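What follows is the residue order along each chain.
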Amino acid sequence: MAELSEWNDPGLADRLAAVRGGVADACRSAGRASEDVTLIVVTKFHPAELVAALAALGVRDVGENRHQEAQDKSQALAGLDLNWHFIGQLQTKKARQAARYAHAIHSIDRERLVDALTDLERPVEAFLQINLTDDPGRGGVAPADLESLVERTLTNPSLKLRGVMAVAPLDEPPASAFERLAGYSQRVRAIAPEASAISAGMTHDYVEAIAAGATHLRIGSAITGNRPEPR
Ligand SMILES: *Cc1c(COP(=O)(O)O)cnc(C)c1O
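Predicted, not measured: the structure shown is a model, and the values here were computed from it.

Draft legend 1. Geometry of the UniProt feature "domain: Alanine racemase N-terminal" (unreviewed entry) in the protein chain. Here, UniProt's "domain: Alanine racemase N-terminal" (unreviewed entry) annotation points to residues 33-228. Helix makes up 35% of residues 33-228 and strand 20%, whereas the separation of the span's terminal C-alpha atoms amounts to 34 Å.

Below is the structure:
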(Lines give C-alpha, C1' and ligand atoms only; values in the text may rest on other atoms or scores of the structure.)
Protein backbone atom coordinates (compact mmCIF):
# COMPACT_ATOMS: atom_id res chain seq x y z
CA MET A 1 0.00 0.00 0.00
CA ALA A 2 1.30 3.46 -0.83
CA GLU A 3 1.95 5.89 1.96
CA LEU A 4 -0.86 8.17 2.94
CA SER A 5 1.10 11.18 1.71
CA GLU A 6 1.16 9.66 -1.76
CA TRP A 7 -2.61 10.02 -2.04
CA ASN A 8 -2.66 13.33 -3.74
CA ASP A 9 -6.16 14.71 -4.08
CA PRO A 10 -6.37 18.12 -2.50
CA GLY A 11 -10.07 18.23 -3.39
CA LEU A 12 -10.98 15.33 -1.15
CA ALA A 13 -11.04 17.28 2.12
CA ASP A 14 -13.06 20.06 0.49
CA ARG A 15 -15.65 17.69 -0.94
CA LEU A 16 -15.97 15.87 2.36
CA ALA A 17 -16.46 19.17 4.17
CA ALA A 18 -19.04 20.28 1.59
CA VAL A 19 -21.06 17.10 2.05
CA ARG A 20 -20.84 17.33 5.82
CA GLY A 21 -22.11 20.90 5.51
CA GLY A 22 -24.90 19.78 3.18
CA VAL A 23 -25.93 17.09 5.64
CA ALA A 24 -25.97 19.60 8.51
CA ASP A 25 -28.10 22.01 6.45
CA ALA A 26 -30.56 19.29 5.47
CA CYS A 27 -30.85 18.17 9.10
CA ARG A 28 -31.55 21.74 10.19
CA SER A 29 -34.24 22.13 7.51
CA ALA A 30 -35.83 18.87 8.60
CA GLY A 31 -35.72 19.79 12.28
CA ARG A 32 -33.43 16.86 13.02
CA ALA A 33 -30.22 16.57 15.02
CA SER A 34 -27.21 15.86 12.81
CA GLU A 35 -25.87 13.47 15.48
CA ASP A 36 -28.78 11.19 14.54
CA VAL A 37 -27.41 10.80 11.03
CA THR A 38 -24.37 8.61 10.25
CA LEU A 39 -22.39 9.42 7.12
CA ILE A 40 -21.07 6.29 5.40
CA VAL A 41 -18.59 7.19 2.67
CA VAL A 42 -18.95 4.73 -0.22
CA THR A 43 -15.44 3.90 -1.46
CA LYS A 44 -16.20 1.10 -3.95
CA PHE A 45 -13.77 0.77 -6.90
CA HIS A 46 -11.35 3.23 -5.25
CA PRO A 47 -8.00 2.06 -3.87
CA ALA A 48 -7.28 1.46 -0.20
CA GLU A 49 -5.11 4.60 -0.19
CA LEU A 50 -8.20 6.74 -0.71
CA VAL A 51 -9.89 5.05 2.23
CA ALA A 52 -6.81 5.73 4.35
CA ALA A 53 -6.91 9.39 3.33
CA LEU A 54 -10.57 9.56 4.35
CA ALA A 55 -9.76 7.98 7.70
CA ALA A 56 -7.12 10.67 8.25
CA LEU A 57 -9.90 13.22 7.66
CA GLY A 58 -11.98 11.69 10.44
CA VAL A 59 -14.19 9.30 8.47
CA ARG A 60 -15.07 6.20 10.52
CA ASP A 61 -17.74 4.52 8.38
CA VAL A 62 -17.07 3.31 4.84
CA GLY A 63 -19.27 1.41 2.38
CA GLU A 64 -18.34 -1.28 -0.15
CA ASN A 65 -20.50 -3.32 -2.53
CA ARG A 66 -18.26 -6.21 -3.63
CA HIS A 67 -17.06 -8.90 -1.30
CA GLN A 68 -13.59 -9.55 -2.70
CA GLU A 69 -12.72 -5.88 -2.91
CA ALA A 70 -14.11 -5.13 0.54
CA GLN A 71 -12.22 -8.04 2.07
CA ASP A 72 -8.92 -6.94 0.48
CA LYS A 73 -9.28 -3.32 1.58
CA SER A 74 -10.44 -4.14 5.08
CA GLN A 75 -7.41 -6.41 5.52
CA ALA A 76 -5.03 -3.79 4.12
CA LEU A 77 -6.46 -1.18 6.49
CA ALA A 78 -7.06 -3.40 9.51
CA GLY A 79 -5.12 -1.01 11.76
CA LEU A 80 -7.43 1.93 11.11
CA ASP A 81 -10.44 0.98 13.22
CA LEU A 82 -12.98 1.62 10.47
CA ASN A 83 -16.56 0.35 10.37
CA TRP A 84 -17.01 -1.51 7.08
CA HIS A 85 -20.58 -1.42 5.76
CA PHE A 86 -21.45 -4.01 3.11
CA ILE A 87 -24.03 -2.39 0.82
CA GLY A 88 -24.07 -4.59 -2.31
CA GLN A 89 -25.85 -7.75 -3.34
CA LEU A 90 -24.41 -10.57 -1.27
CA GLN A 91 -24.17 -14.16 -2.49
CA THR A 92 -25.31 -16.65 0.11
CA LYS A 93 -22.05 -18.59 -0.18
CA LYS A 94 -19.98 -15.45 0.50
CA ALA A 95 -22.06 -14.25 3.43
CA ARG A 96 -20.03 -15.78 6.25
CA GLN A 97 -16.80 -14.38 4.81
CA ALA A 98 -18.31 -10.90 4.56
CA ALA A 99 -19.44 -11.13 8.16
CA ARG A 100 -15.79 -11.42 9.28
CA TYR A 101 -14.95 -7.84 8.35
CA ALA A 102 -18.38 -6.23 8.09
CA HIS A 103 -19.66 -4.08 10.93
CA ALA A 104 -23.02 -3.93 9.16
CA ILE A 105 -24.67 -5.61 6.18
CA HIS A 106 -27.24 -3.34 4.50
CA SER A 107 -28.39 -5.81 1.86
CA ILE A 108 -30.19 -8.54 3.82
CA ASP A 109 -32.99 -9.33 1.37
CA ARG A 110 -33.93 -13.00 1.78
CA GLU A 111 -34.35 -15.63 4.43
CA ARG A 112 -31.61 -17.83 2.99
CA LEU A 113 -29.13 -15.05 3.60
CA VAL A 114 -30.33 -14.65 7.20
CA ASP A 115 -29.89 -18.40 7.68
CA ALA A 116 -26.38 -18.30 6.22
CA LEU A 117 -25.37 -15.79 8.89
CA THR A 118 -26.00 -17.89 12.00
CA ASP A 119 -23.40 -18.68 14.69
CA LEU A 120 -21.02 -15.88 13.74
CA GLU A 121 -17.90 -15.12 15.77
CA ARG A 122 -19.33 -11.72 16.58
CA PRO A 123 -22.74 -10.21 15.89
CA VAL A 124 -23.25 -8.09 12.77
CA GLU A 125 -25.66 -5.19 12.35
CA ALA A 126 -28.39 -6.03 9.84
CA PHE A 127 -30.37 -3.71 7.58
CA LEU A 128 -33.18 -5.27 5.53
CA GLN A 129 -33.00 -4.04 1.95
CA ILE A 130 -36.42 -3.29 0.49
CA ASN A 131 -37.16 -3.14 -3.22
CA LEU A 132 -38.94 0.16 -3.94
CA THR A 133 -39.62 -0.82 -7.56
CA ASP A 134 -41.84 -3.44 -9.18
CA ASP A 135 -38.79 -5.00 -10.83
CA PRO A 136 -37.69 -8.09 -8.89
CA GLY A 137 -34.25 -7.79 -10.52
CA ARG A 138 -33.47 -4.57 -8.67
CA GLY A 139 -32.59 -6.24 -5.39
CA GLY A 140 -34.30 -6.03 -2.05
CA VAL A 141 -37.15 -7.90 -0.45
CA ALA A 142 -40.64 -7.29 -1.88
CA PRO A 143 -42.65 -5.23 0.64
CA ALA A 144 -45.19 -8.05 0.91
CA ASP A 145 -42.49 -10.31 2.33
CA LEU A 146 -41.07 -7.77 4.77
CA GLU A 147 -42.69 -9.01 7.98
CA SER A 148 -41.58 -12.60 7.50
CA LEU A 149 -38.01 -11.44 6.84
CA VAL A 150 -38.11 -9.39 10.06
CA GLU A 151 -39.33 -12.38 12.04
CA ARG A 152 -36.68 -14.62 10.55
CA THR A 153 -33.92 -12.11 11.35
CA LEU A 154 -35.09 -11.81 14.94
CA THR A 155 -34.63 -15.56 15.40
CA ASN A 156 -30.91 -15.20 14.58
CA PRO A 157 -28.87 -13.96 17.58
CA SER A 158 -25.85 -13.30 15.33
CA LEU A 159 -27.75 -10.52 13.56
CA LYS A 160 -28.57 -7.29 15.35
CA LEU A 161 -31.55 -5.94 13.41
CA ARG A 162 -31.02 -2.18 12.92
CA GLY A 163 -33.71 -1.30 10.38
CA VAL A 164 -34.34 -0.91 6.66
CA MET A 165 -32.31 0.05 3.61
CA ALA A 166 -33.28 1.09 0.08
CA VAL A 167 -32.06 2.67 -3.11
CA ALA A 168 -34.41 5.19 -4.75
CA PRO A 169 -35.85 4.03 -8.10
CA LEU A 170 -34.58 5.81 -11.21
CA ASP A 171 -38.04 6.65 -12.55
CA GLU A 172 -39.63 8.27 -9.51
CA PRO A 173 -38.91 11.40 -7.47
CA PRO A 174 -36.81 10.31 -4.47
CA ALA A 175 -39.07 12.12 -1.96
CA SER A 176 -42.08 9.91 -2.66
CA ALA A 177 -39.97 6.75 -2.74
CA PHE A 178 -38.40 7.60 0.62
CA GLU A 179 -41.82 8.36 2.06
CA ARG A 180 -42.81 4.79 1.19
CA LEU A 181 -39.61 3.58 2.81
CA ALA A 182 -40.53 5.44 6.02
CA GLY A 183 -43.83 3.54 6.01
CA TYR A 184 -41.97 0.21 5.68
CA SER A 185 -39.72 1.29 8.55
CA GLN A 186 -42.84 1.73 10.70
CA ARG A 187 -43.98 -1.77 9.79
CA VAL A 188 -40.61 -3.12 10.93
CA ARG A 189 -40.77 -1.14 14.18
CA ALA A 190 -44.24 -2.50 14.90
CA ILE A 191 -42.52 -5.88 15.30
CA ALA A 192 -39.05 -4.76 16.44
CA PRO A 193 -39.28 -1.30 18.08
CA GLU A 194 -35.49 -0.95 18.42
CA ALA A 195 -34.94 -1.47 14.65
CA SER A 196 -35.49 2.19 13.84
CA ALA A 197 -32.59 2.88 11.48
CA ILE A 198 -33.18 3.88 7.86
CA SER A 199 -30.27 3.50 5.42
CA ALA A 200 -31.04 5.75 2.46
CA GLY A 201 -29.63 8.70 0.60
CA MET A 202 -26.83 8.83 -1.98
CA THR A 203 -25.01 11.66 -3.74
CA HIS A 204 -28.05 12.94 -5.63
CA ASP A 205 -30.83 12.30 -3.12
CA TYR A 206 -29.46 12.58 0.40
CA VAL A 207 -31.35 15.80 1.15
CA GLU A 208 -34.69 14.09 0.38
CA ALA A 209 -33.58 11.05 2.39
CA ILE A 210 -32.81 13.16 5.45
CA ALA A 211 -36.20 14.87 5.13
CA ALA A 212 -37.82 11.42 5.14
CA GLY A 213 -35.96 10.29 8.27
CA ALA A 214 -32.81 8.56 6.99
CA THR A 215 -30.33 7.74 9.76
CA HIS A 216 -27.55 6.23 7.63
CA LEU A 217 -26.46 7.99 4.43
CA ARG A 218 -24.42 6.12 1.82
CA ILE A 219 -22.61 8.83 -0.14
CA GLY A 220 -19.89 8.07 -2.68
CA SER A 221 -19.03 10.23 -5.66
CA ALA A 222 -19.89 13.60 -4.08
CA ILE A 223 -16.98 12.92 -1.72
CA THR A 224 -14.60 10.61 -3.59
CA GLY A 225 -15.00 12.16 -7.03
CA ASN A 226 -15.89 10.00 -10.01
CA ARG A 227 -15.38 6.30 -9.58
CA PRO A 228 -12.78 4.49 -11.68
CA GLU A 229 -14.06 1.58 -13.78
CA PRO A 230 -14.64 -1.53 -11.67
CA ARG A 231 -11.62 -3.85 -11.77
C1 LIG B 1 -22.57 3.14 -5.09
C2 LIG B 1 -23.65 3.11 -4.07
C3 LIG B 1 -23.93 4.25 -3.29
C4 LIG B 1 -23.22 5.58 -3.46
O5 LIG B 1 -23.58 6.18 -4.68
P6 LIG B 1 -23.19 7.69 -5.06
O7 LIG B 1 -24.19 8.08 -6.06
O8 LIG B 1 -21.79 7.63 -5.58
O9 LIG B 1 -23.28 8.50 -3.82
C10 LIG B 1 -24.91 4.13 -2.32
N11 LIG B 1 -25.58 2.97 -2.12
C12 LIG B 1 -25.35 1.87 -2.86
C13 LIG B 1 -26.14 0.64 -2.60
C14 LIG B 1 -24.38 1.91 -3.85
O15 LIG B 1 -24.15 0.81 -4.58
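Draft legend 2. Just the UniProt feature "modified residue: N6-(pyridoxal phosphate)lysine" (unreviewed entry) in the protein chain, in detail. When the UniProt feature table is mapped to this numbering, "modified residue: N6-(pyridoxal phosphate)lysine" (unreviewed entry) covers Lys44. Note that Lys44 resides in the loop between strand S1 (38-42) and helix H2 (48-56). In contact with Lys44, other than residues within four places in its own chain, are Gly63, Glu64, Asn65, Glu69, Lys73 and Arg227.

Draft legend 3. View of H2. The buried fraction of H2 amounts to 8 of the 9 residues, a majority that puts the element mostly inside the structure. The set of residues buried in H2 consists of Ala48, Glu49, Leu50, Val51, Ala52, Ala53, Leu54 and Ala55. Turning to H2, the residues buried within the fold contact helix H1 (11-30), S1, strand S2 (61-64), helix H3 (67-76), strand S3 (83-86) and helix H9 (221-224). The first or second residue beyond H2 is Gly58, which carries a positive phi of 100 degrees.

Draft legend 4. Spotlight on the site of the ligand. Within the structure, the ligand sits among Val42, Lys44, Ile87, Met165, Val167, Met202, Thr203, Arg218, Ile219, Gly220, Ser221 and Arg227. The side chain of Arg218 places a nitrogen or oxygen atom 2.9 Å from a nitrogen atom of the ligand. Contact with the protein chains covers 89% of the free accessible surface of the ligand, which is 390 Å². Among the cavities detected, the one that contains the ligand is the largest pocket. Class assignment for the residues of the shell around the ligand results in 6 nonpolar, 3 polar and 3 charged.

Draft legend 5. Structural context of helix H6 (residues 146-154). Buried within H6 we find Leu146, Leu149, Val150 and Thr153. The buried residues of H6 occupy an angular sector of 105 degrees when the element is viewed end-on, so they sit on one face. Next to the buried residues of H6 lie strand S4 (102-108), helix H5 (111-116), strand S5 (124-129), strand S6 (159-165) and helix H7 (174-191).

Draft legend 6. How the structure looks around the environment of Gly183. Along the chain, Gly183 falls in helix H7. Judged by relative accessible area, Gly183 falls into the partly exposed class, the value being 31%. C-alpha of Gly183 to C-alpha of Glu35: the two residues are 148 residues apart in sequence and 23 Å apart in space.

Draft legend 7. Quick look at empty space enclosed by the protein. In this structure the tally under the stated criterion is 1 cavity of 30 Å³ or more. In this structure, the largest cavity occupies an estimated 30 Å³ of space. Forming the walls of the largest cavity are Phe178, Leu181, Ala182, Ile198, Ala200, Ala209, Ala212, Gly213 and Ala214. Top element by residues in the lining of the largest cavity is H7. It accounts for 3 residues. When the residues that make up the lining of the largest cavity are grouped by side-chain class, the tally is 8 nonpolar, 1 polar and no charged.

Draft legend 8. Focus on the side chain of Glu64. Structurally, the position occupied by Glu64 is in strand S2. A polar side-chain atom of Glu64 sits 2.6 Å from a polar atom in the side chain of Thr43. Not counting residues within four places of it along the chain, the set of residues in contact with Glu64 comprises Thr43, Lys44, Glu69, Ala70, Lys73, Trp84, His85, Phe86, Ile87 and Gly88.

Draft legend 9. Highlighting the pairing of S1. With 4 of 5 residues buried, S1 lies mostly within the body of the structure. Of the pairings in the sheet, the one linking S1 to strand S8 (residues 216-219) comprises 4 bridges and is parallel in character. Bridge pairing links Ile40 to Arg218 in S8. Here 2 bridges tie S1 to S2, and the two strands are oriented parallel to one another. Looking across to S2, one finds that Val41 is bridged to Val62. Of the crossover connections in this fold, the one passing from S1 over H2 to the parallel S2 is right-handed.

Criteria and thresholds
Residues numbered from 1 in each chain as written. Predicted model: local features only at pLDDT ≥ 70, side-chain atom pairs only at ≥ 80, totals over all residues. Heavy atoms only, no water. UniProt positions renumbered as here; feature names shortened; annotations may be inferred. Helix = DSSP H or I, 4+ residues; strand = E, 2+ residues; numbered from the N terminus. Contact = heavy atoms within 4.5 Å. Buried < 20%, exposed > 50% of the residue type's maximum accessible area, 1.4 Å probe, protein only. Near = heavy atom within 4 Å. Polar contact = N/O pair within 3.5 Å; in protein donor to acceptor, adjacent residues only side chain to side chain. Areas by Shrake-Rupley, 256 points an atom, 1.4 Å probe, with all protein chains shown as cover. 1 Å grid on protein atoms, 1.4 Å probe; cavity = no way out; pocket = protein on both sides within 12 Å on 5 of 7 lines; lining within 4 Å. Sits in = over half its atoms within 2 Å of the grid points. Nonpolar A, V, L, I, M, F, W, Y, C, P; charged D, E, K, R; others polar. Arc of directions from axis to C-beta. Points joined across faces, edges and corners; volume = space filled by probe spheres on them. Pairing = 2+ DSSP bridges. Right-handed = clockwise from strand over helix to strand, strands pointing away.

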